[in-house]
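Chain by chain, the residues run as shown.
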Amino acid sequence: MKKVITYGSFDLFHEGHYKLLKRAKELGDYLIVGVTTEHFDTMRGKLNLVDPIMTRIENVRATGFADEIIVEDHDGQKIEDIQKYGVDVFTVGSDWTGRFDYLNAYCKVIYLERTPDISSSIIREGRGTLIRIGIIGTGRVAPRFFEESSYVSGAEVVAAYNPDVESAMDFNQKYQLSTYVEKFDEFLDKVDAIYVASPNETHADYVRKGLEAGKHVLCEKPMTFTFAESQELYNMAKSKGLKLMEGIRAAYLPAFQQIIATAKSGTIGRICNVEACFSRLPDIGSREECDYKYSGAFLEYGSYGMLPIFKLLGVDYESVELESILGENGIDIYTEAHFKYDGCLATAKAGSGVKSEGQLIIAGTLGYILVQSPWWLADSFEVRYEDPSRIERHKAEFQGGGFRYEISEFINKIRDPESVDYKLTAGESRAMAKVVEKFMEKRKKMQGE
């Protein structure tokens, strides 16, 4: 008898799950299905589970494909189960290609290819909604978004769009998604929501088109280059009952929320200064190096620096001054935005071609918070005081590259239209657009336009 084993959370059971189990069954004579517990899913970074484990087990059982159903609740269990049950084949979807190659030492590993254009309808009604997401732009960010979306229950990336034929086809070949080049309307018909990861200058137009088509929108920063356009798009989303969210990953990480709460709690006294730096050395020939109109240090990374400033001090600053260093081709390689508040100062530093310490410091009258580099991917921070021996260390670890927490927030907002918007508000996003607008005006003058 040839035994096959597969695992999954099988939350919000849909046709994709059904087809995977069907194909797994066809690989042998006896199929064992491992269903993960809520605790184990949380530990491995799976977010937004809706169905309790008994419902998920019953959904698997109802397909008739599973000869035996077991529960997966700890790391290393797959090796234990393969040996315990005498398994011949381990199988899982191609989203995980390469991840389980180590199991080849115990049995044959088979990755089942995605089935393009499957229906994502929920088989058991009344248990929630599966949100079909389409990606606009198939460059360097899109693969990371796609890979982490598999960790968010209730979200499924089903299509991609890019007018660049070569990039679109490469993405299609790797991820087996329905990928569109010229048929943008057909792409929109496939999805409930879009993630905009195209070049900066196209963001606002794609957001507008998505909202006009009745789609929820998650957009990479900067969403717009002007305050007025940002306000227009948020107003459009509100009038249509749609969710619009700007994608600044740091805002949604567990540690960042804890940092903000600690700073506001009075632990370090009255906040007097916030200083945040985000810098990277760009790849040769990258957009940051070559696009003097719509890229550069501040447009790429300035939003990160402004995030903790606006979260802690609000958006009603008294003044903001921007200073930049331009590279040989007129692109800013380093920019500082200096904010003056009543009784407080703040600085957002952005470097692209200039490397600095990427830390966040929040200074108060009783002590300060230090978030070491890279603060935008923080999993820990320290509260320090006048006494150098007194240091309070906090940890709030996260899984993956952070995208799943942003996606989780997006899905939760769509599911619960009445949920409170606090991790990154529309007002804070509009305030960032206002500073970006001022930066664009200043840079044009510096570039002699």
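Residues numbered from 1 in each chain as written. Predicted model: local features only at pLDDT ≥ 70, side-chain atom pairs only at ≥ 80, totals over all residues. Heavy atoms only, no water.

## What to know about the environment of Lys 264
Topologically, Lys 264 is positioned in helix 10 (residues 254-264). On a C-alpha basis, the gap between Lys 264 and Leu 313 in space is 9.6 Å, while along the polypeptide they are 49 residues apart. If sequence neighbours within four positions are ignored, Lys 264 has contacts with Lys 311 and Leu 312. (Helix = DSSP H or I, 4+ residues; strand = E, 2+ residues; numbered from the N terminus. Contact = heavy atoms within 4.5 Å.)

## Observations regarding the nonpolar core
Nonpolar side chains in soluble globular proteins generally cluster together in the buried interior. One finds Phe 310, Phe 339 and Ile 362 to be the most contacted residues of the largest nonpolar core, which totals 81 residues. With eleven residues, helix 12 (residues 297-313) is the largest single contributor of residues to this core. The contact partners of Ile 362, leaving out residues within four places of it in the chain, are Ile 259, Ala 263, Ile 268, Ile 271, Asn 273, Val 274, Leu 312, Gly 367, Tyr 368 and Ile 369. (Core = buried A, V, L, I, M, F, W, Y, C linked by side-chain atoms within 4.5 Å. Buried < 20%, exposed > 50% of the residue type's maximum accessible area, 1.4 Å probe, protein only.)

## Things to note about the packing of helix 8 (residues 203-212) against helix 9 (residues 227-240)
Interhelical geometry of helix 8 versus helix 9 gives an angle of 15 degrees and a closest axis separation of 10 Å. When the axes of helix 8 and helix 9 are compared, the pair comes out roughly parallel. Handedness of the helix 8/helix 9 crossing: left-handed. The residues of helix 9 that touch helix 8, namely those facing Ala 204, Val 207, Arg 208, Leu 211 and Glu 212, are Glu 229, Glu 232, Leu 233, Met 236, Ala 237 and Lys 240. (Axes fitted to C-alpha atoms, helices over the stretch in contact; angles between N-to-C directions. Parallel < 35°, antiparallel > 145°, perpendicular 65-115°, else oblique. Left-handed = near helix turned anticlockwise from the far one by under 90°.)

## Thoughts on unusual backbone geometry
Phi is mostly negative for residues that are not glycine, and the peptide bonds are mostly trans. The amide bond that connects Lys 221 to the next residue, Pro 222, takes the cis arrangement and shows omega of -10 degrees. One can find Pro 222 in the loop between strand 10 (216-220) and helix 9. Residue Pro 374 is bonded to the preceding Ser 373 through a cis peptide linkage, with omega at -5 degrees. Turning to its location among the elements, Pro 374 is positioned in the loop between strand 17 (368-371) and strand 18 (380-384). One non-glycine residue, Phe 10, lies in positive phi territory at about 55 degrees. Here Phe 10 lies in the loop between strand 1 (3-8) and helix 1 (15-25). Taking relative accessible area as the criterion, Phe 10 reaches 3% and is therefore assigned buried. Even without a glycine there, the phi angle at Gln 176 is positive, about 55 degrees. Take Gln 176: it is sitting in the loop between helix 6 (165-175) and strand 8 (178-180).

## Looking at helix 9
Taking 1.5 Å as the rise per residue, helix 9 with 14 residues should run 20 Å; its terminal C-alpha atoms sit 20 Å apart, in good agreement. On the buried face of helix 9, the contacting elements are helix 8, strand 11 (244-247) and helix 14 (426-446). Looking at where helix 9 begins, the residue whose side-chain oxygen comes 3.1 Å from the main-chain nitrogen of Glu 229 is Thr 226. A positive phi of about 70 degrees marks Gly 241, the residue just after helix 9. (Expected span 1.5 Å × (residues − 1). Polar contact = N/O pair within 3.5 Å; in protein donor to acceptor, adjacent residues only side chain to side chain.)

## A look at the sheet that holds strand 7 (residues 155-161)
Spatial strand order, 8-7-6-9-10-11: six strands in an open sheet with parallel pairing. Two strands in the sheet have a free side with no partner beyond their single neighbour: strand 8 and strand 11. Geometrically, the sheet is characterised by an average inter-axis angle of 25 degrees between neighbouring strands, direction not taken into account. (Pairing = 2+ DSSP bridges.)

## Remarks on the pattern of salt bridges
Following the criterion strictly, the structure yields 22 salt bridges and no others. Residue Glu 229 is joined to Arg 208 by a salt bridge in which the shortest nitrogen-to-oxygen separation is 2.8 Å. Of this pair, Glu 229 sits in helix 9 while Arg 208 sits in helix 8, placing them 21 residues apart in sequence. Under the relative-accessibility criterion, Glu 229 is labelled partly exposed at 23%. The exposure class assigned to Arg 208 is buried, which follows from its relative accessible area of 17%. (Salt bridge = Lys/Arg side-chain N within 4 Å of Asp/Glu carboxyl O.)

## Some thoughts on the packing of aromatic side chains
All chains considered together, the criterion is met by 31 aromatic pairs. Put simply, the rings of Tyr 7, Phe 90, Trp 96, Phe 100, Tyr 102 and Tyr 151 pair up and form one aromatic cluster. Here the basic side chain of Lys 78 rests over the ring of Tyr 7, its NZ or CZ set 4.8 Å away from the ring centre. For the cation-ring pair, Arg 404 lies above Tyr 151, with the distance from its terminal atom to the ring centre recorded as 3.7 Å. (Phe/Tyr/Trp six-rings, centres within 6.5 Å; stacked < 30°, edge-to-face > 60°. Lys NZ or Arg CZ within 6 Å of the ring centre and 35° of its normal.)

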